[in-house]
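What follows is the residue order along each chain.
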Amino acid sequence: MNRSPVTSAADPVLPAAAGPASGGVIDLTDVEMFAANRHHEAFRRLREESPVYLNPSADGTPFWALTRYEDVLAAYRDHDAFSSAHGAILGGSFRAGGGDTASGDMLVASDPPRHRMLRKVMHPPFNSAMVDRVTAQVRTLVRDAVDAMHRDGGCDIALDFAPLLPVGALMAMFGVGRDDARHIVGLTREMVGYRDATLSDLVGDERTRLAHAQSAIFEYFADLLEERRDAAGDDVIGMLLRSEINGEPLDDTQILYNCMNIAVGGNETSSYTTCSGILAFLENPGEWRRLAAGRELLSSAIEEILRWSSTNAYVQRVAVRDVVVRQTRIAAGDVVTLWNVSANRDPDQFDAPERFDITRAPNRHLSFGSGIHRCIGAPTGNAEIAEAFGALLDGGLGLRLAGEPVRLHSNFILGFTSLPVEVGD
Ligand code: HEM
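Residues numbered from 1 in each chain as written. Predicted model: local features only at pLDDT ≥ 70, side-chain atom pairs only at ≥ 80, totals over all residues. Heavy atoms only, no water.

Let's shift gears to the site of the ligand. Near the ligand you find 30 residues, and of these H115, R119, R317, H373 and C375 are the closest. A distance of 2.7 Å is found between an oxygen atom of the ligand and a side-chain nitrogen or oxygen belonging to H115. A distance of 2.6 Å separates an oxygen atom of the ligand from a polar side-chain atom of H373. Mapped by element, the contributors of at least two residues to the shell around the ligand are α4 (114-121), α11 (252-283), β9 (314-319) and α15 (378-395). Take the shell around the ligand: its biggest share by element is 7 residues, from α11. Its residues assigned to classes, the shell around the ligand comprises 13 nonpolar, 14 polar and 3 charged. (Near = heavy atom within 4 Å. Polar contact = N/O pair within 3.5 Å; in protein donor to acceptor, adjacent residues only side chain to side chain. Helix = DSSP H or I, 4+ residues; strand = E, 2+ residues; numbered from the N terminus. Nonpolar A, V, L, I, M, F, W, Y, C, P; charged D, E, K, R; others polar.)

Printed below as a string of structure tokens:
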């Protein structure tokens, strides 16, 4: 069924929003909808009734939303038509004077040929030796945390357990101590969750909180860069200091933007995916029993956790030229969002998508994106998540919810600010 709005080449560039046929107008910038976990119903309506949807934003800047698996995948793969140069986040990237200052310098905010060169420079921080280092560091932290859970009778997974994944990754990748790693995780959490007032001590509006967190992360990495400049080691900063593009070393701005890309790309995603996975098991205890009885199911369970959580809910692109999707014209310059969270529950792609099934096969979820920007940190993220669930399984903890989970106020990263659990039988 395709009842998407149809436009001809003569239509205005951004025609008035045509909401889905049933129910009220859907606004995908409404973070309350995501915090209340009501978004899946909205995406069901969009997939069925308006798969190429012009979202009417409160700030007056409409954007297109693609919600069907097939369309999201096709847009990911068509990087000639859909540019990444404006960053992956709606209104949240490094905008100054209408442009994006990270454009062309930060991996995720670049297009070919620049993207190809930056991706090459970014391979060493994600090589298998580094993944092994991350794995070992995360293992120590999460196993200690499971011991503490035994001792204390529970914890808040969102605060005490899941953040240990990025803490361990930062310690291993940047060669920093635990306190520094915690500090960076706090800042990226504030940045990504800038629309959630509970995550910042700062008084001020959303944009002020975002700008504060961004500049604090920058300053942290700038200090680290100064410290390491004359003695480049085998950490990420050392690797980037030794890199070249067209025979030229990277400049400081490029190094800093890409450190930031690693921190922001990795910190919230793997930890919130772990929170979602733990909640999914608490709500589906039969699946936990299956996993506990058959540890060989861990890798397919992680794929299902990734699909289920869709932590990186969407990515942004900007149309480089006029493109027609399902008879709807998207004009050059229009902002287009690719909704992983919707594609991952598209019944045309997944049987019974509302079922959490740790043996789901095939499971070609789009949680890491697709095409040239597919997550370069996917092996790192997978290794971290495997360590978290491995520690919980080995710990033999029977966990149960000890309070209402609190979801993050964000439409970009789907996470939790609280997930209290207690140790049961
Ligand atoms: C469950 C964990 C993760 C999820 C769900 C996730 C999701 C994604 C997605 C959807 C993209 C594509 C962005 C786009 O197309 O615009 C991406 C790219 C990226 N991710 Fe991840 N990510 C995860 C873990 C990580 C980790 C652990 C790191 C670093 C330590 C990382 C670093 C990056 C970077 C640098 C890119 C940019 C790649 C490029 O543009 O070529 N990610 N990630």
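Below, the discussion takes up the environment of G233. Structurally, G233 is set in the loop between α9 (206-228) and α10 (236-241). With a relative accessible area of 26%, G233 lands in the partly exposed category. Separated by 59 residues in the primary sequence, G233 and F174 place their C-alpha atoms 9.7 Å from one another. (Buried < 20%, exposed > 50% of the residue type's maximum accessible area, 1.4 Å probe, protein only.)

Further remarks concern the coordination of the iron atom of the ligand. With respect to protein ligation, the iron atom of the ligand binds only C375 (SG), at 2.3 Å. Note that C375 resides in the loop between α14 (340-343) and α15. (Donors = N, O, S within 2.8 Å, 3.2 Å for Na, K, Ca; no water.)

There is a patch of like negative charges on the surface, built from D179, D180, E219, D223 and E227. Taken together, the elements giving at least two residues each to the negative patch come down to α8 (178-192) and α9. Here the negative patch takes 3 residues from α9, the largest share from any one element. Summarising the element assignment, E219 is placed in helix α9. (Patch = residues over 30% accessible without salt bridge, like charges linked within 9 Å, V, L, I, M, F, W, Y side chains within 5 Å. Areas by Shrake-Rupley, 256 points an atom, 1.4 Å probe, with all protein chains shown as cover. Salt bridge = Lys/Arg side-chain N within 4 Å of Asp/Glu carboxyl O. Lys, Arg positive; Asp, Glu negative; His and termini not counted. Charge placed at Lys NZ, Arg CZ, Asp CG, Glu CD.)

With that settled, the discussion passes to the packing of helix α12 (residues 285-293) against α15. Taken N-terminus to C-terminus, the directions of α12 and α15 make an angle of 85°; their axes are 11 Å apart at the nearest point. Considered as vectors, α12 and α15 are oriented roughly perpendicular to each other. Residues W288, L291 and A292 of α12 form the contact with α15, whose own contacting residues are F389, L392 and L393. Looking at the contact of α12 with α15 residue by residue, the classes come out as 6 nonpolar, no polar and no charged. (Axes fitted to C-alpha atoms, helices over the stretch in contact; angles between N-to-C directions. Parallel < 35°, antiparallel > 145°, perpendicular 65-115°, else oblique. Contact = heavy atoms within 4.5 Å.)

Further remarks concern the confidence of the model for the protein chain. Confidence in the prediction for the protein chain averages 91 pLDDT; 91% of positions are at 70 or higher. Scored below 50 in pLDDT, residues 1-18 shows 41 contacts in the model against residues more than four places distant or in partner chains. (pLDDT = per-residue confidence, 0-100.)

Taken together, 3 strands build an open sheet; the order of strands is β6-β16-β13 and the sheet is antiparallel. Each edge of the sheet is formed by a strand with only one pairing partner; in this case those strands are β6 (154-156) and β13 (398-401). Looking at each pair of strands side by side, their axes are set apart by 25° on average, direction ignored. Across 3 bridges, β6 lies against strand β16 (residues 420-424) in antiparallel orientation. By the bridge assignment, C155 is partnered in β16 with V421. (Pairing = 2+ DSSP bridges.)

As a further point, take the state of the cysteines. Tallying each qualifying case throughout the model produces 0 disulfides. C275 provides the cysteine sulfur closest to C155, a residue in no disulfide bond, and the two sulfurs are 9.6 Å apart. For C259, which is in no disulfide, the shortest distance to another cysteine sulfur is to C375 and amounts to 16 Å. (Disulfide = S-S within 2.5 Å.)

Before going further, it helps to examine the side chain of N411. Relative to the helices and strands, N411 resides in the loop between β14 (406-407) and β15 (416-418). A distance of 2.8 Å separates a polar atom in the side chain of N411 from the backbone oxygen of L28. When neighbours within four sequence positions are excluded, N411 is seen to be in contact with L28, T29, V31, F34, A313, Y314 and W339.

It is worth spelling out the pairing of β16 at this point. Alignment of β13 against β16, held across 4 bridges, turns out to be antiparallel. Considered in β16, the bridge of R400 is made with E422.

As summarised here, the arrangement of the 5 strands in space is β1-β2-β12-β9-β3, forming an open sheet in which the pairing is mixed. The sheet terminates laterally at β1 (52-55) and β3 (82-83), the two strands that pair on one side only. Against the sheet, helix α3 (residues 69-77) engages β2 (63-66), β3, β9 and β12 (335-339), with an angle of about 120° to β12.

The next thing to look at is the nonpolar core. L28, I157, F161, F174, F221 and W339 are the most contacted members of the largest nonpolar core, which totals 111 residues. No other element matches α11, which puts 14 residues into this core. Residues in contact with L28, not counting those within four places in the same chain, are M33, F34, F43, L46, N55, F63, A65, W339 and N411. (Core = buried A, V, L, I, M, F, W, Y, C linked by side-chain atoms within 4.5 Å.)

Once that is clear, we can look at the side chain of T29. Its location among the elements puts T29 in the segment before α1 (31-35). Take T29: its relative accessible area is 17%, and that puts it in the buried class. One polar contact links T29 to D27, side chain to side chain, over a distance of 2.7 Å. With near-sequence residues (within four places) excluded, T29 lies in contact with N55, S57, A58, F63, R195 and N411.

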